[in-house]
Amino acid sequence: MTSGTALIYDEEMTTHKLLWSDPICDIEVPERLSSSYEQLKRYHLVERCVHMPAREGSEEEILLVHSLEHLEVAKSTQTMNEEELKRVSGNYDAFFFHPNTYRCARLAVGATLQLVDAVMSGKVCNGMALVRPPGHHSHRNAANGFCLFNNVAIAAEHAKRKYRLQRILIVDWDVHHGQGTQYIFEEDPSVLYFSWHRYEHQEFWPSLKESDYDAVGLGKGKGFNINLPWNKIGMTNSDYLAAFFHVLLPMAFEFDPELVLVSSGYDSGVGDPEGQMNATPEVFSHLTHFLMQLANGKLCVILEGGYHLKSLSESVCMTVKTLLGDPVPQITGEMAPCLSAVESIQNVRAAHKPYWKWLMHEEHEDKITKNSDAVIVERFLEVHMKNILFVVPPIKIATADSKGSAHSLSGPVHLVKEIDGNEIKALVSGFYADVAKEEKTLHSLGSILPILDKILKKEVCSGIVESPTVAASVAVALRYSLHFGFQR
Ligand code: X5A
Ligand code: ZN
């Protein structure tokens, strides 16, 4: 089995910068790259990765996706003065040229291809490329949304040809719709493109009808374009996980890709001025971890957006740490997705029902595909009330000695009631009655039950018990918790 994680970074990609004032483009700064790399160094993640130099993507490679005209325009900007650069930039929606932009964009393409080749050749298992300018908005014939060449799209096309791949999955977790990538592959059933994006019913940039859930692909590519529009800002970890659990992952496992590419924008993370979402860095560990289960682990993560430097760099670190195989951190926050997220998820599932077996053969299909607001609200409320009624316990650990008194480590915790042997016997029936006959088992229970009681009442989050008969106690403890209707 292949191991190792590639990290591709070249400082030269920080030379592409905005030379004049433009409030739309001024967030795409060189520090996005350097601060992410610095943070990777601080966490000692750089030294654990296989370093790979970036190379320039060739003209031929760029032409896999882009028109010759687009390439020539980009090339011509190298010798332009500021005034000319500004004029050419004005031909596009949200793009700026610097004299070194063309060189950086070729390095961004080359870095992405280096990563794909390292993974496909088995030199490494997975990896990340830190690149600028990003790629997913650029069209065959135009720069757009800070993007000049579509790095990920070129990589997919390259992998298809060089390694004869028949199924590539592109996961675009950037907060913007990678409409460029959609256009390039919308008729291609060999590339499954998934994007979630801030949409707000078409109010948010790029404000396209074709970013909605009903754009499922065209011709032979029908069913292979998945758009999950977010119609509200403030989406959280649970909304992202719900999107993975209930849309992307089932599709991905049915598709069974040979390679997974991530258009990895972190503007979907908390604090980002563009995204206005609330997902925290550790969610990217989980997203990464799920994707590592596909394509035999062949996962290439390529940077796209991300404009809050701290949020961006922490999220990049979480991603790389997970690629390296570190355990994923516990996820924080609410468990249930919000109503707006559930609606979006239901809509994209309904739109894709004709194309995917897992959606066709679903139970309760009437409820899911009818898309009735009443049903969605009802199901949402059911989960929501369970969650808000669940009071989160303080981080307090109860301890108990063998005499059955319980106290927390940070000051005494009073027992609400003492539990005597008879009460325990009453709770324990059937199979467990045998273990409860023994005096020392009762003794253990005497110390474990007060702690369970405190856990169930959310007075503490866990407990430590000193007991000679742990196994028996645990068995009975489980039963005790069921008796209290503890269901989480
Ligand atoms: C790569 C990326 C965003 C462009 C926003 C323009 N582009 N308003 O995040
Ligand atoms: Zn973005």
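- By the naming in an unreviewed UniProt entry, the protein chain goes by HDA10 deacetylase and is assigned to Rhinopomastus cyanomelas.
- The UniProt entry for the protein chain carries the following text under Subcellular location (unreviewed entry): "Nucleus".

**Let's talk about the pattern of salt bridges**
Opposite charge on two side chains permits them to pair, given that their charged atoms come into close proximity.
Consideration 1: Using the criterion set out here, one finds 20 salt bridges in the structure.
Consideration 2: Note that E28 and R32 form a salt bridge whose closest N and O atoms lie 2.7 Å from each other. Neither E28 nor R32 differs from the other in exposure class; each is buried.
Consideration 3: Note that K160 is salt-bridged to D188, the shortest N-O span being 2.6 Å. Placement of K160 in helix α6 (residues 151-162) and of D188 in the loop between α7 (179-185) and β5 (191-198) is noted, with a sequence separation of 28 residues between them.
Consideration 4: Residue K160 is classed as buried on the basis of its relative accessible area, which comes to 19%.
Consideration 5: Classification of D188 as buried rests on a relative accessible area of 14%.

**Comments concerning the confidence of the model for the protein chain**
Consideration 1: Looking at the protein chain as a whole, its pLDDT mean stands at 88, while 81% of the residues score no less than 70.
Consideration 2: When the criterion is pLDDT under 50, residues 407-418 qualifies, and its contacts beyond four places in sequence or with other chains add up to 28 contacts.
Consideration 3: For the stretch residues 475-488, pLDDT sits under 50, and the model shows 27 contacts to residues farther than four places along the chain or on other chains.

**Notes on the environment of E274**
Consideration 1: Along the polypeptide, E274 turns up in the loop between β7 (259-264) and α9 (282-291).
Consideration 2: Its relative accessible area of 22% is what places E274 among the partly exposed residues.
Consideration 3: The sequence separation of E274 and I27 amounts to 247 residues, and the corresponding C-alpha distance is 9.1 Å.
Consideration 4: A distance of 2.6 Å separates the side chain of E274 from the side chain of H176, its partner in a polar contact.

**Digging into the packing of aromatic side chains**
Consideration 1: Applying the stated criterion across every chain yields a total of 18 aromatic pairs.
Consideration 2: Judged by centre distance (4.2 Å) and plane angle (25°), the ring pair of W196 and Y240 falls under stacked. Within this pair, whereas W196 is found in strand β5, its partner Y240 is found in helix α8 (residues 237-255), the two being separated by 44 residues in sequence. Side by side, W196 and Y240 carry an identical accessibility label, which is buried.
Consideration 3: Consider the rings of W230 and Y240, whose centres lie 5.9 Å apart with planes at 25°: the pair is stacked. Of this pair, W230 sits in strand β6 (residues 225-230) while Y240 sits in helix α8; the two residues are 10 residues apart in sequence, bridging distant segments of the chain. Judged on exposure class, the residue W230 and its partner Y240 are both buried.

**A short note on the coordination of the zinc ion (ligand 2)**
Consideration 1: The zinc ion (ligand 2) binds to the protein through D174 (OD), D174 (OD), H176 (ND1) and D267 (OD), with metal-donor distances spanning 2.0 to 2.6 Å.
Consideration 2: Along the chain, the residues that donate to the zinc ion (ligand 2) are spaced as D-x1-H-x90-D. In this pair, H176 is assigned in the loop between β4 (168-172) and α7 and D267 in the loop between β7 and α9, connecting sequence segments 91 residues apart. Taken as a pair, H176 and D267 share a single burial class, namely buried.

**Observations concerning unusual backbone geometry**
Consideration 1: Look at the link from R132 to P133: it is a cis peptide, with omega at -10°.
Consideration 2: Secondary-structure assignment places P133 in the loop between β3 (126-130) and α6.
Consideration 3: Residue W205 is joined to P206 through a cis peptide bond whose omega torsion reads 5°.
Consideration 4: Following the sequence through the fold, P206 ends up in the loop between β5 and β6.
Consideration 5: A positive phi angle is found at E200, which is not glycine, with a value near 50°.
Consideration 6: Within the secondary structure, E200 sits in the loop between β5 and β6.
Consideration 7: Positive phi values are uncommon outside glycine, yet A295 reaches one of about 50°.
Consideration 8: Within the secondary structure, A295 is located in the loop between α9 and β8 (299-303).
Consideration 9: Classification of A295 by relative accessible area gives buried; the value is 10%.

**Here's the deal with the sheet that holds strand β1 (residues 5-9)**
Adjacent strands of a sheet form backbone hydrogen bonds with each other and so pair up, either parallel or antiparallel.
Consideration 1: Spatial strand order, β2-β1-β3-β8-β7-β4-β5-β6: eight strands in an open sheet with parallel pairing. Edge positions in the sheet fall to β2 (50-52) and β6, since each of these pairs with one other strand and no more. Recorded for the sheet is a direction-independent mean angle of 15° between the axes of neighbouring strands.
Consideration 2: As defined by bridge partners, β3 adjoins β8 across four bridges and the pair is classed as parallel.

Criteria and cut-off values
- Residues numbered from 1 in each chain as written.
- Chains lettered and ligands numbered in written order.
- Predicted model: local features only at pLDDT ≥ 70, side-chain atom pairs only at ≥ 80, totals over all residues.
- Heavy atoms only, no water.
- UniProt positions renumbered as here; feature names shortened; annotations may be inferred.
- Salt bridge = Lys/Arg side-chain N within 4 Å of Asp/Glu carboxyl O.
- Buried < 20%, exposed > 50% of the residue type's maximum accessible area, 1.4 Å probe, protein only.
- Helix = DSSP H or I, 4+ residues; strand = E, 2+ residues; numbered from the N terminus.
- pLDDT = per-residue confidence, 0-100.
- Contact = heavy atoms within 4.5 Å.
- Polar contact = N/O pair within 3.5 Å; in protein donor to acceptor, adjacent residues only side chain to side chain.
- Phe/Tyr/Trp six-rings, centres within 6.5 Å; stacked < 30°, edge-to-face > 60°.
- Donors = N, O, S within 2.8 Å, 3.2 Å for Na, K, Ca; no water.
- Pairing = 2+ DSSP bridges.
- Axes fitted to C-alpha atoms, helices over the stretch in contact; angles between N-to-C directions.

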